[in-house]
Amino acid sequence: MAEKGQRFNKYTTEFKLKIHRHENMDKITIDEMIDIFIENRTSTIEVKPTTLYNYGNKRIHLKSLLNIKLKDFNINHYDNWKKQMNKTNISTRYKNDILKFLKSVLNFAMT
């Protein structure tokens with residue numbers, strides 16, 4: 001857990017503002033955007049510890065996407081990830097929860 005806290009601390013308010021103005025967007029990976037998304041959620045609303053725990057569990061299933069830069073993310077990455085997910089024994093409901101989490105992060109990146 002300490003590692004996540006350390007990663008959160010490296011983002012300054014100024015950096016987050018630049019991201020939302022679409023500056024430096026070409027350098028940000030999905031993994032970094034998930035960190036920013038979670039930090040934003042925890043700073044704007046009260047998030048239950050179980051929600052943070054579930055974010056961590058969902059992030060594990062996004063492993064193949066984490067190092068992809070947002071600007072490079074495309075339908076091929078998504079399709080490959082989806083095929084990979086369909087090979088697992090995870091329930092359809094949980095797969096949909098993971099997809100909703102990914103969509104939330106990507107929508108946050110575009111605001």
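See above for the structure.
This write-up is about the structure you can find in this document. (Residues numbered from 1 in each chain as written. Predicted model: local features only at pLDDT ≥ 70, side-chain atom pairs only at ≥ 80, totals over all residues. Heavy atoms only, no water.)

1. Side note on the overall build of the protein chain
Broken down by element type, the protein chain carries 6 helices and 0 strands. Ordered by position from the N terminus, the helices and strands of the protein chain form the series α-α-α-α-α-α. When each of the 111 residues of the protein chain is scored for burial, the buried share is 34%. Long-range pairs, those at least 24 residues apart, make up 65% of the contacts in the protein chain between residues at least 6 apart in sequence. Working note: accessible area of the protein chain is about 7400 Å², and carbon and sulfur atoms make up 51% of it. (Helix = DSSP H or I, 4+ residues; strand = E, 2+ residues; numbered from the N terminus. Buried < 20%, exposed > 50% of the residue type's maximum accessible area, 1.4 Å probe, protein only. Contact = heavy atoms within 4.5 Å. Areas by Shrake-Rupley, 256 points an atom, 1.4 Å probe, with all protein chains shown as cover.)

2. A short note on helix H3 (residues 30-44)
Under the 1.5 Å per step criterion, the end-to-end length of H3 is 21 Å for 15 residues, consistent within 8% with the ideal 21 Å. Those residues of H3 that sit buried are Ile 30, Asp 31, Met 33, Ile 34, Asp 35, Ile 36, Phe 37, Ile 38 and Glu 39. (Expected span 1.5 Å × (residues − 1).)

3. Here's the deal with the packing of H3 against helix H6 (residues 92-109)
Between H3 and H6, the least distance of the axes is 10 Å, while the angle of their chain directions is 85°. When the interaxial angle is binned, H3 and H6 end up roughly perpendicular. Together, Met 33, Ile 34, Ile 36, Phe 37 and Asn 40 of H3 and Phe 101, Ser 104, Val 105, Phe 108 and Ala 109 of H6 make up the contact between the two elements. Across the contact of H3 with H6, the residue classes break down as 8 nonpolar, 2 polar and no charged. (Axes fitted to C-alpha atoms, helices over the stretch in contact; angles between N-to-C directions. Parallel < 35°, antiparallel > 145°, perpendicular 65-115°, else oblique. Nonpolar A, V, L, I, M, F, W, Y, C, P; charged D, E, K, R; others polar.)

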